[in-house]
Amino acid sequence: MADDTQDNKTPQDTPKSTPESSVEKKVTTPTPDSAPEKPAPKAVAKPKPPAKPKAPAEPPVAPSADKLVVSSSPHFLNDESIPKIMHNVVLALVPAMAASVYYYGLRAVLLLVVCLVTCLVTEHLFLMARKRPTKIYDGSAAITGILLGLMLPPGFSIFGAILGSFFAVAVGKQLFGGLGYNIFNPALLGRAFLMATYPVMSTSWMEPRTVQAAVDAVSAATPLALLKFEGEFSPVLNMFTGNVAGSMGETSVIAILIGGLFLRYKGYINWKLPLGYLGTIAMFSGIFWLIDPSKYANPLFHLCAGGAMLGAWFMVTDMVTSPTTPKGQWIFVVCAGILAVVIRLFGGLPEGVMYSILFMNAFVPLINRHTRPKIFGTMKRNSH
Amino acid sequence: MGLKTFDRGIHPAYNKELASSKAITPAALPKTVIIPLRQHAGAPCTALVKKGDVVEEGQKIADVEAFVSAPIHASISGKVKEIDLYQHPVGMKVPSIVITGDGEKKDWGTSGGVTVDLASLTPDAIRTTIRESGIVGMGGAGFPTAVKLNAPKGKKIDTIVLNGCECEPYLTADHRIMLEEADKVVWGMRALMKGVGAPNGFIGIEDNKKDAIEAIKLALGPSCTDIKVIELETKYPQGAEKMLIKAALNRKVPKGKLPLDVGVVVNNVGTAAAIFDALNYGKPLIERVVTVSGNGIKEPKNLLCRIGTTFEEIIKQCGGLKEGGEFEVLNGGPMMGIAQMQLDVPVIKGTSGITALMGEVIKPKKYDACIRCASCVEACPMALMPYRLGDYGNMQRLDDFNGWGGFDCIECGCCSYVCPSKRPLLQWIRLGKLRVRQNQQAQQEQAQLAEQASAK
């Protein structure tokens, strides 16, 4: 501040100043409001010698001692930020986390905490190694951890969870260059990695606590597996509330919906993505259901089963790994939706959400490139 | 909802309440004015007076033969002090005429109502008066109005659109003009329509200015059929020419073309009011309404300022800047305004507002990686992909920059505004444009050199 007062004053005294400065001085010596405040710093500033030589380089600021900032427009930005968006996503995941704790108890808490902490620590270590400022508070690594945790079977080993979380952040995100540069959704990549390294544990499920008390069995099959391997339909109402076997946070449709709608309300997700994905799943599975209802499940079942809801609201909508163009977003969700149903109905696996999204993630750069919006004023031939 | 508008765009905080209730008041007559010889798009003027000449208020003091130009008039009476380079609010130093006033005020009789019968004026006479009165677009771009009205042969203009959107945050000058001088605006509109032979007129006003819509409707009268008021959704940049034409008429100006290619001429409401004064009282464009606002101004106002009054003097009449800290003083509003390095720059014909910002908004922001959230794609009124253009501009991938439509950018700033990573997208796009132009220039120079060498 003191330097500025000095700088502001000098240009007027220099001989080079434009002839108007004499007029200027008369008309515009300290503006009335700054007068009572400013004399003091000016007096202090004067004896300070180092400011002098610097003075000519500075633009001749107005005589009022206030500093003028110069920048290029726009000078007005909204108050969104990456941490704000990410923290809201974390908040939106709270119902799903609560549901997982309700159905699986302390086991769920343990797994979620392990995944969360591992992701944050990995992120921090990698950023340190890359000599970047730590950004673990921006919430993006936390989302990866929570999502991965929610996708694990409740009986999953702690060491496996640590390994998966490390892989998700290290390979899925940091090796690509960190936030914004990854091609694949890190949490899904971590889950796919665990699917390959722990194939048995990744597909062994247990009944939620609410059912365990009634039935005397711990291990169980998910509705999708029951359908695929036993040809047995599970009641959709149980799937809606989450009272079925499955990954900890994927089973409770209602909890995920609350979080997803919250994000939509906040404007952080484009309605096209979740609704397009779910809509495609419903329509495509509906075709087969209409052909043979005894063999294929109805669309509602497919919407509520497995990871469809969690994937639709929290993974398809991942900003970094989904297309940016309106047309591209449609292509992305429709293809992913069809793929998920195809894997569910005809693939070797009971569940296809994870691979459908990961597979389409790989095409996002290509989709973006070829679905550029038509620039305003681009005309069709022969039209106005 | 349901109101007419264009696609995409943003909803910034408008902050118009600071000045929207303040009636237009004339600013104190300045003792000295600095009148730049370049206040319009096109060829700069040359001075018609020299140092020491005595000039009268409203006297033409600069002009040029070129077609795209507008003469400049003395905004106060007095003596020409000098003609020299002065800082211009748009950034560079420009030859300017400095007049020291004698304190005399000329009475133009502008409150006398209509004095001329519009039916008696020929379109040619209207255009000539507009040209000779030095009227340019008063929304900011400063394109000479008479040139707009001179449609090239083979082009038919059927519609005049009057721009009363005023979509820039903080600014309220047009709002006040529509409220207080609705009759002038409507009369000026009719003059414009006659001047160009357009049968239809539309006045586009955003729905955050309900009182202005009412005032204009009242001025039009119930039996008016040729001019329609169109209520538009409040959205930035509604006032951008191409967006306004799309919103009001559902016509799209083709890429690289002008509004007149779709038979439309767009003018600002302030311009229409100035045309009224010029045709009725022979008053050239020597003063304009300037909104002085922003969170750094003590008493926001709408002042009627003489062209050439310094920002400093005007800010002083609004109680000055608030105490302490740093300020960003803009010629225009916060979305497209140009930050000033000094406050002794003059108000020019295109200065619709002086916005002084302080505090958090002007702190330099650190930017982060792009998370491809597509906010900018969803905001860009030109349907560009700003996040890519920004990268191409920044990384100097100029072929890609051109290929992805860098030069279609209208620099409205929506992309930078919405970016959650605070990436300076528009600034990078400008950089890209600059580099492309520099390369073109360098190539031309090289070609010339080669030509000279081969000639030898």
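Residues numbered from 1 in each chain as written. Chains lettered and ligands numbered in written order. Predicted model: local features only at pLDDT ≥ 70, side-chain atom pairs only at ≥ 80, totals over all residues.

**Q** Help me out: how do you make sense of the overall build of chain A in this one?
**A** Each helix and strand in chain A was counted, giving 19 helices and three strands. The buried share among the 384 residues of chain A stands at 46%. Sequence separation of at least 24 residues holds for 73% of the intrachain contacts in chain A that already meet a minimum separation of 6. (Helix = DSSP H or I, 4+ residues; strand = E, 2+ residues; numbered from the N terminus. Buried ≥ 20, exposed ≤ 12 C-beta atoms within 10 Å, placed from the backbone. Contact = placed C-beta atoms within 7 Å.)

**Q** When you look at the nonpolar core in this model, what are you seeing that I'm missing?
**A** Most often, soluble globular proteins keep nonpolar side chains buried together rather than apart. By size, the foremost hydrophobic cluster in this structure holds 235 residues, and its most contacted members are Val185, Ile216, Ile275, Ile314 and Ile315 of chain B. Dropping the residues within four chain positions of it, valine 185 of chain B is found in contact with Ile177, Met178, Ile216, Val269, Ala272 and Ala273 of chain B. (Core = buried A, V, L, I, M, F, W, Y, C linked by C-beta atoms within 7 Å.)

**Q** Looking at this structure, how should I read the interface of chain B and chain A?
**A** When the parts of a complex come together, some accessible area is lost, and that lost area is often taken as the interface size. Chain B puts 68 residues into the contact, and the matching count from chain A is 51 residues. Breaking the side of chain B that touches chain A down by element, the ones donating at least two residues are strand S7 (78–87), helix H8 (311–316), strand S15 (326–331), strand S16 (338–339), helix H12 (414–418) and helix H13 (425–455) of chain B. Per-element accounting of the side of chain B that touches chain A gives the leading share, five residues, to S15 of chain B. Grouping the amino acids of the side of chain B that touches chain A by side-chain chemistry returns 37 nonpolar, 11 polar and 20 charged. As defined by bridge partners, strand S1 (residues 67–68) of chain A adjoins S15 of chain B across two bridges and the pair is classed as parallel. What sits directly across from leucine 68 of chain A, in S15 of chain B, is phenylalanine 327 of chain B. (Nonpolar A, V, L, I, M, F, W, Y, C, P; charged D, E, K, R; others polar. Pairing = 2+ DSSP bridges.)

**Q** I tried to follow the pairing of strand S14 (residues 301–306) of chain B on my own but got confused; where do I start?
**A** Regular strands have side chains that alternate between both faces of the sheet. Residue and element names in this part refer to chain B. Most of S14 is tucked away: five of the six residues are buried. Strand direction decides the pairing type here: strand S1 (residues 24–26) and S14, joined by three bridges, are parallel. By the bridge assignment, proline 26 is partnered in S14 with leucine 304. For strand S13 (residues 287–293) and S14, the ladder comprises six bridges, and the chain directions are antiparallel.

**Q** What is the right way to read helix H5 (residues 82–104) of chain A from this model?
**A** Along an α-helix, a turn takes 3.6 residues, which lines up residues three or four apart on a common side. Residues and elements named next belong to chain A. Taking 1.5 Å of rise per residue, the 23 residues of H5 would be expected to cover 33 Å, and the 32 Å separating its terminal C-alpha atoms lies within 8% of that figure. Maximal helix bending in H5 amounts to about 35 degrees, located at valine 94; proline proline 95 follows within four positions. Of the positions making up H5, those classed as buried are Ile82, Ile85, Met86, Val89, Ala92, Leu93, Ala96, Met97, Ala99, Ser100, Tyr103 and Tyr104. Just beyond H5, the residue with positive phi is glycine 105, at close to 65 degrees. (Expected span 1.5 Å × (residues − 1). Bend = angle between axes of the 7 residues up to and from the residue.)

**Q** What's the story with the sheet that holds strand S8 (residues 93–101) of chain B in this structure? I'm lost.
**A** Consider a sheet: its strands pair through backbone hydrogen bonds, and that pairing is either parallel or antiparallel. Residue and element names in this part refer to chain B. Across the sheet, which stays open at both edges, the four strands sit in the order S2-S8-S7-S4 with antiparallel pairing between neighbours. Looking along the sheet, the strands with just one partner apiece sit at the ends: strand S2 (32–36) and strand S4 (54–55). Here S7 runs beside S8; their pairing, made up of nine bridges, is antiparallel. The residue of S8 that forms the bridge with tyrosine 86 is valine 94.

**Q** What exactly am I supposed to notice about the environment of phenylalanine 143 of chain B here?
**A** Residue and element names in this part refer to chain B. Mapped onto the secondary structure, phenylalanine 143 falls in the loop between helix H1 (123–132) and helix H2 (145–149). Counting along the chain gives 104 residues from phenylalanine 143 to glutamine 39, while the straight-line C-alpha distance between them is 9.0 Å. Beyond its immediate chain neighbours, meaning those up to four positions away, phenylalanine 143 contacts His40, Ala41, Val136, Gly137 and Lys148.

**Q** Sorry, what's going on with the confidence of the model for chain B here?
**A** Atomic detail in the predicted coordinates should be set aside for any region of low pLDDT. Summarising the model, chain B shows a mean pLDDT of 88, and 100% of its residues fall at 70 or more. Two numbers describe this predicted complex: its pTM, 0.83, and its ipTM, 0.84. (pLDDT = per-residue confidence, 0-100.)

**Q** Help me out: how do you make sense of the domain arrangement of chain B in this one?
**A** Residues and elements named next belong to chain B. If you check the domain split of chain B, you get domain 1 (1–28 + 116–363) and domain 2 (375–450). Between the C-alpha centres of domain 1 and domain 2 the distance comes to 28 Å. Counting residues at the interface gives 12 residues for domain 1 and 12 residues for domain 2. By residue class, the composition of the side of domain 1 that touches domain 2 is nine nonpolar, one polar and two charged. (Domains from an automatic or database assignment.)

**Q** Quick question: what am I supposed to make of the packing of helix H14 (residues 272–291) of chain A against helix H16 (residues 308–315) of chain A here?
**A** Working note: a packed helix pair is described by the angle between its axes plus the distance between those axes. Residues and elements named next belong to chain A. The geometry of H14 relative to H16 is characterised by a closest axis approach of 8 Å and an angle of 155 degrees between their N-to-C directions. As far as their axial angle goes, H16 and H14 are roughly antiparallel. For H14 against H16, the interelement crossing comes out right-handed. Listed contacts from H16 to Pro274, Tyr277, Leu278 and Ile281 of H14 are Ala308, Ala312 and Trp313. In the contact of H14 with H16, the residues fall into seven nonpolar, no polar and no charged. (Axes fitted to C-alpha atoms, helices over the stretch in contact; angles between N-to-C directions. Parallel < 35°, antiparallel > 145°, perpendicular 65-115°, else oblique. Left-handed = near helix turned anticlockwise from the far one by under 90°.)

**Q** Would you mind showing me how to read unusual backbone geometry here?
**A** Negative phi is the rule for most residues except glycine; trans is the rule for most peptide bonds. Here the bond from serine 73 of chain A into proline 74 of chain A is cis, since omega is -5 degrees, no more than 30 degrees from zero. For proline 74 of chain A, the position within the fold is in the loop between S1 and H5. Cis rather than trans, the peptide bond between tyrosine 236 of chain B and proline 237 of chain B has omega equal to -5 degrees. Mapping proline 237 of chain B onto the fold places it in the loop between strand S11 (227–232) and helix H6 (241–249).

**Q** What am I meant to see in the sheet that holds strand S5 (residues 60–63) of chain B here?
**A** Residues and elements named next belong to chain B. The strand order S3-S5-S6 describes an open sheet built from three strands, whose pairing is antiparallel. Because the sheet does not close on itself, it has two edges, and the strands there are strand S3 (46–47) and strand S6 (72–73). Relative to S5, S3 runs antiparallel, the two being bridged by two bridges. Paired with threonine 46 across the bridge in S5 is aspartate 63.

**Q** I'm lost on the packing of helix H4 (residues 182–196) of chain B against helix H5 (residues 210–220) of chain B in this one. Help?
**A** Residues and elements named next belong to chain B. Interaxial distance between H4 and H5 falls to 9 Å at its minimum, and their mutual angle equals 60 degrees. Here H4 lies oblique to H5, going by the angle between them. Every pair of crossing elements has a handedness; the one defined by H4 and H5 is right-handed. Facing Ala182, Asp183, Val185 and Val186 of H4, the residues of H5 in contact are Ala215, Ile216, Leu218, Ala219 and Leu220. Across the contact of H4 with H5, the residue classes tally to eight nonpolar, no polar and one charged.

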